[in-house]
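Remarks on the overall topology
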Amino acid sequence: ISKEDIIKETNAEKRRCYMEILGAKKYYEIISDGKGLKLLDEDMDNQGYPMRLYETSIKDDIIDKKVQFLEVTCPSTQRVYNIYPPNQQSKNVWDAKASTFSNENLFIRHGDVGLVKKGFKKSKPVIET
């Protein structure tokens, strides 16, 4: 898959398929002529897996802005996933992750379920599974 293949594709879903085939890092390396990604932040989740927040070095030509994504690992399968934070203005991995839950201060996060506790103000959940 070449840069030309990706750029000539105007369907965002087909571009997403290219990214899934290549992996996000390789995809952005190809379309940016080697400029790739900027690592904005990294930390470990509660299971000891790395989380990394990246931003593209160039603007996406479909949405005309740089793209942020959070690289996380599923603790049960060890598969690496790229999550695109809804706010696209995250400063760190926890901010990016929180934006996937409407910026709630989650007390416990279990997969796609978030539990809140009245008065809980920390940015990291106490338990995350």
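Report on the accompanying structure.

**Let's talk about the overall build of the protein chain**
- Broken down by element type, the protein chain carries 4 helices and 7 strands.
- Within the protein chain, the fraction of its 129 residues that count as buried is 31%.
- Surface summary for the protein chain: the accessible area is close to 8000 Å², and the carbon and sulfur share equals 52%.

**Some details on the sheet that holds strand β4 (residues 80–83)**
- In space, the 4 strands of this open sheet follow the order β1-β2-β3-β4, with antiparallel pairing throughout. Looking at which strands have only one partner, the edges of the open sheet turn out to be β1 (37–44) and β4. Across the sheet, the mean angle separating the axes of adjacent strands is 20° when strand polarity is ignored.
- With 4 bridges joining them, strand β3 (residues 68–73) and β4 adopt antiparallel strand pairing. Of the residues in β4, the one forming a bridge with E71 is N82.
- Seen against the sheet, helix α3 (residues 24–31) touches β1, β2 (50–56), β3 and β4 and runs at an angle of roughly 150° to β3.

**Here we look at the nonpolar core**
- In this structure, I6, M19, A24, Y27, Y28, I30, I31, Y54, V67 and F69 together form the largest nonpolar core, which totals 10 residues.
- It is α3 that provides the largest number of residues to this core, a total of 5 residues.
- Other than its neighbours up to four places away in sequence, M19 contacts A24, Y27, Y28 and Y84.
- With 7 residues, the next largest nonpolar core counts M51, V72, W94 and A96 among its residues.

Rules used in this analysis
Residues numbered from 1 in each chain as written. Predicted model: local features only at pLDDT ≥ 70, side-chain atom pairs only at ≥ 80, totals over all residues. Heavy atoms only, no water. Helix = DSSP H or I, 4+ residues; strand = E, 2+ residues; numbered from the N terminus. Buried < 20%, exposed > 50% of the residue type's maximum accessible area, 1.4 Å probe, protein only. Areas by Shrake-Rupley, 256 points an atom, 1.4 Å probe, with all protein chains shown as cover. Pairing = 2+ DSSP bridges. Axes fitted to C-alpha atoms, helices over the stretch in contact; angles between N-to-C directions. Contact = heavy atoms within 4.5 Å. Core = buried A, V, L, I, M, F, W, Y, C linked by side-chain atoms within 4.5 Å.

Remember that the coordinates give geometry; whether it matters functionally is a separate question.
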